[in-house]
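Take a look at the letters that make up each chain.
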Amino acid sequence: MQIFEKKSALILCLSLLKEKNKQIGFVPTMGVLHKGHQSLVEKSIANNHFTVVSIFINPTQFNKEEDLKKYPKTLEADLELLKNTGCDAVFIPSVDEIYKQNVVAKSYVFGGIENQMEGAFRPGHFDGVATIVHAFFDIIKPNNAYFGEKDFQQLQVVKKLAEIKNLPVNVIGCPIFREKDGLAMSSRNVRLTSKQRAEVPFIYQTLKETVRLAKTTSIKELYAFVEKEFAKTALDLEYFTIAEETSLEEISTINFNRKNRAFIAVNAGSIRLIDNLAI
Ligand code: AMP
């Protein structure tokens, strides 16, 4: 497995492969890799000649300094996992290598999907995400790029980015990987205390329950149900939204002929967790 810190070296390596018509798969991550990330890497390896994984904690997508500072790092273990998975190359640039002296996000307009949910509660977040994904797509020029449905809104934003910027990349969504108790795997989970860890499976349990109730219950009652359930816990519900999958517009009645999804963001102390489930 090759490790690159400089984009020039990575670009050179990839240009040699592209001359030979090799398909490049790309998986961007922020490290602290788990089985969810691994499933994306495995998919890329299975469907491309060469897989690049980036590990980069992107400062411009954090709207809270504290969250960025506390973001966990486990580089050695990450490299071991990637090597054992069969990854071909890892890109670990410094902030300087990507942003030079200008650590700011560019501005993007995605037709509204960037404004709800994560966009509303983390102002500037999707500008930061789009800036880094766009930069990585420009450097790597992958044929296929893999993103988890765990960050469903991000997946839709990246699809839109590729569409409006005419980028020749297939953006591929991958299912959410969960712990045995249903908790969506996340790098942030390592920061949970044992008490919080015992409580957070409630997020997925509640999502599952809302999906079951959706067959017979109005949206308004579902929202009230979720609020009531979380009020009984130490978890702080940031938002619960039922939206149509592509437009991400909040819906007021469920039309089972369309694809709808329940989205949730919860704070366990200072640790912010998100999840979603198709209805
Ligand atoms: P992150 O390192 O959190 O930025 O995640 C890197 C990629 O892995 C993103 O496309 C995430 O959506 C995806 N990912 C994170 N957690 C999971 C999970 N539990 N299941 C599937 N994909 C995931």
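Residues numbered from 1 in each chain as written. Predicted model: local features only at pLDDT ≥ 70, side-chain atom pairs only at ≥ 80, totals over all residues. Heavy atoms only, no water.

### Observations concerning the sheet that holds strand β5 (residues 144-148)
Argument step 1. An order of β1-β4-β3-β2-β5-β6 is seen for the 6 strands of this open sheet, with the pairing classed as parallel. Edge positions in the sheet fall to β1 (2-4) and β6 (170-174), since each of these pairs with one other strand and no more. The sheet shows a mean angle of 25 degrees between the axes of neighbouring strands, taken without regard to direction.
Argument step 2. Bridge count for strand β3 (residues 50-55) against strand β4 (residues 89-91) is 3 bridges, and the pairing is parallel. Looking at β4, one finds that V52 is bridged to A89.
Argument step 3. Running over the sheet, helix α2 (residues 35-47) touches β2 (24-29), β3, β5 and β6 and is turned about 160 degrees from β5.
Argument step 4. Along the sheet, helix α4 (residues 75-85) makes contact with β1, β3 and β4, crossing β3 at roughly 170 degrees. (Pairing = 2+ DSSP bridges. Helix = DSSP H or I, 4+ residues; strand = E, 2+ residues; numbered from the N terminus. Axes fitted to C-alpha atoms, helices over the stretch in contact; angles between N-to-C directions. Contact = heavy atoms within 4.5 Å.)

### Quick notes on the site of the ligand
Argument step 1. Inspection of the region around the ligand gives 17 residues, with M30, G148, D151, F177 and M185 positioned closest.
Argument step 2. With respect to the ligand, the backbone of G148 contributes an N or O atom lying 2.9 Å from an oxygen atom.
Argument step 3. For the ligand, whose accessible area on its own is 490 Å², the fraction buried by protein is 93%.
Argument step 4. Using a 2 Å cut-off from the grid points, one finds that the ligand occupies the largest cavity.
Argument step 5. Listed by contribution, the elements that provide at least two residues to the shell around the ligand are β2, α2 and β5.
Argument step 6. Per-element tally for the shell around the ligand: the top contributor is α2, with 3 residues.
Argument step 7. Looking at the shell around the ligand residue by residue, the class counts come to 9 nonpolar, 6 polar and 2 charged. (Near = heavy atom within 4 Å. Polar contact = N/O pair within 3.5 Å; in protein donor to acceptor, adjacent residues only side chain to side chain. Areas by Shrake-Rupley, 256 points an atom, 1.4 Å probe, with all protein chains shown as cover. 1 Å grid on protein atoms, 1.4 Å probe; cavity = no way out; pocket = protein on both sides within 12 Å on 5 of 7 lines; lining within 4 Å. Sits in = over half its atoms within 2 Å of the grid points. Nonpolar A, V, L, I, M, F, W, Y, C, P; charged D, E, K, R; others polar.)

### Concerning the packing of aromatic side chains
Argument step 1. Summed over all chains, the structure comprises 12 aromatic pairs.
Argument step 2. Pairing Y108 with F110 gives two aromatic rings, centres 5.6 Å apart and planes at 5 degrees, and the pair type is stacked. In this structure, Y108 and F110 share a single accessibility class: buried. (Phe/Tyr/Trp six-rings, centres within 6.5 Å; stacked < 30°, edge-to-face > 60°. Buried < 20%, exposed > 50% of the residue type's maximum accessible area, 1.4 Å probe, protein only.)

### A short note on the side chain of H134
Argument step 1. Secondary-structure assignment places H134 in helix α7 (residues 125-140).
Argument step 2. Of the residues examined, H134 reaches a relative accessible area of 15% and is grouped as buried.
Argument step 3. Separated by 2.9 Å, the side chains of H134 and Y108 make a polar contact.
Argument step 4. Residues contacting H134, with those up to four places away along its chain left out, are Y108, L161, K165 and L167.

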